[in-house]
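Observations on chain architecture
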Amino acid sequence: MNPFLKKLPYWILVVAAFALLAVSGCKDNPADPGEDNEQELITSVTLNLTELDAAGNPTATIVSVNFKDPDGPGGTAPTIGTLTLKAGKNYKGTIKLLDETKNPAEDIAAEIKREADAHQFFYTPKDGIVGRVTVTITDRDSRNLPLGLEYNLAVTAGAAASGKLNVVLSHYQPASKKNGTTRSDESDVDIDFPVNITN
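Quick caveat, the model's predicted, so the values are computed rather than measured.

Applying the stated criterion across every chain yields a total of two aromatic pairs. Judged by centre distance (6.1 Å) and plane angle (20 degrees), the rings of Phe 121 and Tyr 123 are stacked. An identical accessibility class is assigned to Phe 121 and Tyr 123; each is buried. Taking 4.6 Å as the distance between ring centres and 40 degrees as the angle between the ring planes, the aromatic pair formed by Tyr 123 and Tyr 151 counts as tilted. Of the two residues, Tyr 123 is situated in strand β7 (residues 119-127) and Tyr 151 in strand β9 (residues 150-155); the sequence distance between them amounts to 28 residues. A network of ring pairs unites the aromatic residues Phe 121, Tyr 123 and Tyr 151 as a single cluster.

Dropping the structure here:
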């Protein structure tokens, strides 16, 4: 044994050993990305949708909507834009998430992609756009379960309408709780974006 350690009282060595174990237990577990991971701080959420032509090819028309809460939960109320969609059109969508309390801003979408097995987005039409808007997630995690950083959005033909698109990012801890259909009790994002469907 190290001569220095021999001089320390036994109880100090025991306390030091427990302290080391406690710190190690707070680290991320690479084998289970949902275990012991803290919820993300997200101050900016942007939906970007590219309109598709009749053949399903991207056009030059891109629509976006943004949520901003620069000081995080509490404090100043967030600002939420309105998403305008065209009746009878299909879109290819992505979602961008930032923590702008960091300098430079941290790309949380990249973190969600690394921890895909512990996260899933849910896109739910509400109010006047129920039955008019359908969102289909197109990206998958390592277990082939939906993730939701990428998706297709379809708007049926018909009259103008207004409603909301609820966007939830579920955080599963441990990741084994994710089953592809059930939301977690923990949400990193839960936003109602106002939506207008126009002709």
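As a further point, take the pattern of salt bridges. Tallying each qualifying case throughout the model produces seven salt bridges. The salt bridge partner of Lys 86 is Glu 51, with a shortest N-O separation of 3.6 Å. A residue pair is termed long-range when its members are at least 10 positions apart, and Lys 86 in strand β4 (residues 83-86) and Glu 51 in strand β1 (residues 44-52) qualify at 35 residues. Between Lys 89 and Glu 51 there is a salt bridge, with its nearest N and O atoms 3.7 Å apart. You can see Lys 89 sitting in the loop between β4 and β5 (90-99) and its partner Glu 51 sitting in strand β1, a full 38 residues away along the chain. For Lys 89, a relative accessible area of 30% translates into the label partly exposed. By relative accessible area, Glu 51 is classed as buried at 7%.

Before going further, it helps to spend a moment on the nonpolar core. Ranked by size, the top nonpolar core spans 37 residues in total, and within it Leu 47, Ile 95, Leu 97 and Tyr 123 carry the most contacts. Considering each element in turn, this core owes the most residues, five residues, to strand β11 (residues 187-198). Excluding residues within four positions of it along the chain, Tyr 123 makes contact with Leu 47, Ile 95, Val 135, Ile 137, Gly 148, Tyr 151, Leu 165, Asn 166 and Val 167.

Turning our eyes to something else, we now look at the sheet that holds strand β10 (residues 161-171). Within the open sheet, the four strands sit side by side as β4-β11-β10-β7. Their pairing is mixed. The open sheet has two edge strands with one neighbour each: β4 and β7. In this sheet, neighbouring strand axes are inclined to one another by 30 degrees on average, regardless of whether the strands run parallel or antiparallel. Sheet topology places β7 next to β10; nine bridges connect them, and they run antiparallel. In the strand pairing of β10, Phe 121 is matched with Leu 169.

Next up on the list: the environment of Tyr 91. Mapped onto the secondary structure, Tyr 91 falls in strand β5. Given the relative accessible area of 1%, Tyr 91 is considered buried. Tyr 91 sits 41 residues away from Thr 50 along the chain, and the two C-alpha atoms are 5.3 Å apart. Discounting residues that sit within four places of it in the chain, Tyr 91 has contacts with Leu 49, Thr 50, Glu 51, Leu 52, Val 63, Leu 85, Lys 86, Tyr 151, Asn 152, Leu 153 and Val 155. From its side chain, Tyr 91 meets the backbone nitrogen of Lys 86 in a polar contact 2.8 Å long.

For the peptide bond that leads from Asn 103 to Pro 104, omega is 5 degrees, which places it in the cis range. Looking at where Pro 104 falls in the secondary structure, it is placed in the loop between β5 and β6 (106-107). A positive phi angle, near 60 degrees, is found at Asp 127, a position not held by glycine. Residue Asp 127 is classed as exposed on the basis of its relative accessible area, which comes to 53%. The phi dihedral of Asn 144 is positive, around 65 degrees, even though this residue is not glycine. Residue position: Asn 144 is located in the loop between β8 (133-137) and β9. Of the residues examined, Asn 144 reaches a relative accessible area of 53% and is grouped as exposed.

Cut-offs used in this document
Residues numbered from 1 in each chain as written. Predicted model: local features only at pLDDT ≥ 70, side-chain atom pairs only at ≥ 80, totals over all residues. Heavy atoms only, no water. Phe/Tyr/Trp six-rings, centres within 6.5 Å; stacked < 30°, edge-to-face > 60°. Buried < 20%, exposed > 50% of the residue type's maximum accessible area, 1.4 Å probe, protein only. Helix = DSSP H or I, 4+ residues; strand = E, 2+ residues; numbered from the N terminus. Salt bridge = Lys/Arg side-chain N within 4 Å of Asp/Glu carboxyl O. Core = buried A, V, L, I, M, F, W, Y, C linked by side-chain atoms within 4.5 Å. Contact = heavy atoms within 4.5 Å. Pairing = 2+ DSSP bridges. Axes fitted to C-alpha atoms, helices over the stretch in contact; angles between N-to-C directions. Polar contact = N/O pair within 3.5 Å; in protein donor to acceptor, adjacent residues only side chain to side chain.

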